[in-house]
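An overview of the molecular structure
Chain residues, written in single-letter form:
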Amino acid sequence: MREGISIEVSAADRARLEAVVADRNRPQKHVWRARIILATAEGLGTHAIMRRAGVSKPCVWRWQERFMEEGVDGLLRDKTRPPGTPPLPAATVARVVELTLGEPPGEATYWTGQAMAKAAGISLGSVQAIWKAHGLVPHRVKTFKLSRDPEFISKLRDIVGLYMSPPAHSLVLSVDEKSQIQALDRTQPGLPMKADQPATMTHDYVRHGTTTLFAALNVLDGTVLGRCMQRHRHQEFIRFLNAVEAAVPAGKLIHVVLDNYAVHKHPKVLAWLERHPRWTFHFTPTSCSWLNAVEGFFAVLTKRRLRRGSFSSLVDLQAAINRYLDEHNTDPKPFVWTAEPDGIIEKVRRGYQASRSIHSHVPFPGRKT
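Let me begin by describing the structure that accompanies this report.

Another aspect to go through is the pattern of salt bridges. If you walk through the whole model with that rule in mind, you get 13 salt bridges. Linking Glu70 and Arg77 is a salt bridge whose minimum nitrogen-to-oxygen distance equals 2.4 Å. When the shortest N-O distance is used, the salt bridge between Arg350 and Glu346 registers 4.0 Å. With a gap of four residues between them, Arg350 and Glu346 both fall in helix α14 (residues 341-358), about one helical turn apart.

What follows concerns the pairing of strand β1 (residues 170-186). When you tally the buried positions in β1, you get 12 out of 17 residues, the bulk of the element. Alignment of β1 against strand β4 (residues 253-258), held across five bridges, turns out to be parallel. In the sheet register, Leu173 faces β4, and the bridge partner there is Val256.

Let us now look at the packing of helix α2 (residues 28-41) against helix α3 (residues 46-53). At a minimum axis distance of 9 Å, the contact between α2 and α3 shows a crossing angle of 145°. Considering how the two elements wind past one another, α2 and α3 form a crossing that is right-handed. Taking contact as the criterion, the partners of Trp32, Ile36, Ala39 and Thr40 in α2 are, on α3, Ile49, Arg52 and Ala53. The residue inventory of the contact of α2 with α3, partitioned by class, reads five nonpolar, one polar and one charged.

In this structure, Leu156, Tyr163, Leu213, Leu291, Leu306, Leu317 and Ile321 are the most contacted members of the largest nonpolar core, which totals 36 residues. Only α9 (152-164), β1, β2 (205-218), α12 (294-306), α13 (314-330) and α14 provide two or more residues apiece to this core. When sequence neighbours within four positions are dropped, the list of residues in contact with Leu317 reads Ile181, Gln182, Ala183, Thr211, Leu306 and Phe311. Of all hydrophobic cores here, the second largest spans 22 residues; its members include Leu171, Ala216, Val263 and Leu273.

Attention shifts here to the side chain of Thr211. Residue placement: Thr211 occurs in strand β2. Among the polar contacts listed, one links the side chain of Thr211 to the backbone oxygen of Met229, at a separation of 3.2 Å. Leaving out residues up to four positions away in the same chain, Thr211 has contacts with Lys178, Ser179, Gln180, Ile181, Cys228, Met229, Leu314, Leu317, Gln318 and Ile321.

In the sheet, β1 pairs with β2 via 11 bridges, with the strands oriented antiparallel. Note on β2: the bridge partner recorded for Leu173 is Asn218. Bridge count between β2 and strand β3 (residues 224-229): six bridges; the pairing is antiparallel. Residue pairing in the sheet places Ala215 in a bridge with Gly226 of β3. In this antiparallel pair of consecutive strands, β2 and β3, the connection spans five residues, and Gly222 shows a positive phi of 85°.

Reading the values: rules and limits
- Residues numbered from 1 in each chain as written.
- Predicted model: local features only at pLDDT ≥ 70, side-chain atom pairs only at ≥ 80, totals over all residues.
- Heavy atoms only, no water.
- Salt bridge = Lys/Arg side-chain N within 4 Å of Asp/Glu carboxyl O.
- Helix = DSSP H or I, 4+ residues; strand = E, 2+ residues; numbered from the N terminus.
- Buried < 20%, exposed > 50% of the residue type's maximum accessible area, 1.4 Å probe, protein only.
- Pairing = 2+ DSSP bridges.
- Axes fitted to C-alpha atoms, helices over the stretch in contact; angles between N-to-C directions.
- Left-handed = near helix turned anticlockwise from the far one by under 90°.
- Contact = heavy atoms within 4.5 Å.
- Nonpolar A, V, L, I, M, F, W, Y, C, P; charged D, E, K, R; others polar.
- Core = buried A, V, L, I, M, F, W, Y, C linked by side-chain atoms within 4.5 Å.
- Polar contact = N/O pair within 3.5 Å; in protein donor to acceptor, adjacent residues only side chain to side chain.

What follows is the structure in structure tokens.
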């Protein structure tokens, strides 16, 4: 044993070291460190310990000294080391953040990592680390749309009130049409999904026409009444209303949530509405299609059935949509609205405040200027 090294291993330390060696989930560096100390306690020489642990002589001496100073705990942790490269100066970090928040040079619309690294004179990794630390993602952008409907607040409260507290003895329907659904037939069959390989689909297709899906989502139970039609004029919309009228039991009032599409306000549609007094239309504010619950159903229909589908004819497309509607209605889920109107109004107000800070002429809906 090296001069100056004197190791005494207590029964408790020996039990801990043997447990480390026996633990298959332990890091191997902890295992051979424990073996060094156990071999030293057995009275083995340095060369014998080197052979047993498979390490060099300086390594044996280093961990013998560490055990003398800190015990078993010293074997199970590594000493902290200074970073290989010094941290970037605070001025450099501040300059990168300032440049990122500003406009990029030339005709570019946003900063890339390589462009920022060249402008700041640092590495790409350093730029990415600064952006991550400050939560900056210059390659991403979020879009938004603020309604300018002067009756935004009253319409919002009206529709949310229908969702959260529907009137007694009535039906709340969310109605809209999904137009221009294309019957696309892929020119070649795709390959199925395999391990480490997603399914494939050719970009080339043949279009066999389009259809329009008129749909009414029952907010109370989640069922959907749908009809596929060739066009989406007021004539087709009235035909769909007649289908809904026939499907809803007599004696129930019908409250319909609609967007501001011109077909929904056509004079003949309004005349039909006057002839059916149990019907009441509730129009969403302009630029607020997210208030119409059936839009969520359309999104799921597109993702789950239409986007990856291949349809050999328009009839094939309409049949697929009808089958999806039947499948959906076998296990429907009621539509649940959770956002309070006051919270929505406050978010919109903050959006207009941010817009006014840049464009002073932007008014808040419902406020006279």
